[in-house]
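Residue-level listing of the chains:
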Amino acid sequence: MTETIRILITAGEASGDRLGANLITQLRRLRPDVTFEFAGVGGRQMAEQGFESLFDLSELSVLGLFEGVMALRRIQ
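Residues numbered from 1 in each chain as written. Predicted model: local features only at pLDDT ≥ 70, side-chain atom pairs only at ≥ 80, totals over all residues. Heavy atoms only, no water.

Asker: Please set out the confidence of the model for the protein residue by residue, giving values where relevant.
Answerer: Looking at the protein as a whole, the pLDDT averages 84, with 72% of positions reaching at least 70. Mean pLDDT across the elements of the protein bottoms out in helix H4 (residues 65-75) (58) and peaks in strand E1 (residues 3-10) (96). (pLDDT = per-residue confidence, 0-100. Helix = DSSP H or I, 4+ residues; strand = E, 2+ residues; numbered from the N terminus.)

What follows is the structure in structure tokens.
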């Protein structure tokens, strides 16, 4: 029976999405004997690695105080 590991990742912007995608790739390469399930907040690059995004990263990437406060409404 294959072990399954579930991992939650949160990336708030494009560089985090890129790093998260690389993490997913490397974990699968290092542990081919394990089934990994990844979910959380991410973008296109992580999705391409089989990541299940619970929120659209483009809706959460904001700049400025007002925009940040408005983004809170979308994730509550």
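Asker: Could you give an account of the pairing of strand E2 (residues 34-42), with specific residues and numbers?
Answerer: Where E1 meets E2, eight bridges bridge the pair, whose relative direction is parallel. Of the residues in E2, the one forming a bridge with threonine 10 is valine 41. Where the polypeptide runs from E1 across helix H1 (residues 14-30) and back to E2, its parallel neighbour, the crossover connection is right-handed. (Pairing = 2+ DSSP bridges. Right-handed = clockwise from strand over helix to strand, strands pointing away.)

Asker: Before we move on, could you go through the packing of aromatic side chains and cite the residues and values that matter?
Answerer: Under the criterion given, the structure shown has one aromatic pair. Ring plane angle 20° and centroid distance 5.7 Å describe the contact between phenylalanine 36 and phenylalanine 38, whose orientation is recorded as stacked. Under the relative-accessibility criterion, phenylalanine 36 is labelled buried at 10%. Residue classification places phenylalanine 38 among the buried residues on the basis of a relative accessible area of 3%. (Phe/Tyr/Trp six-rings, centres within 6.5 Å; stacked < 30°, edge-to-face > 60°. Buried < 20%, exposed > 50% of the residue type's maximum accessible area, 1.4 Å probe, protein only.)

Asker: Account for the pattern of salt bridges, with residues named and values stated.
Answerer: Using the criterion set out here, one finds three salt bridges in the structure. Where glutamate 48 meets arginine 44, a salt bridge forms, and the shortest distance between an N and an O atom there is 2.7 Å. Of the two residues examined, glutamate 48 and arginine 44, each falls in the exposed class. (Salt bridge = Lys/Arg side-chain N within 4 Å of Asp/Glu carboxyl O.)

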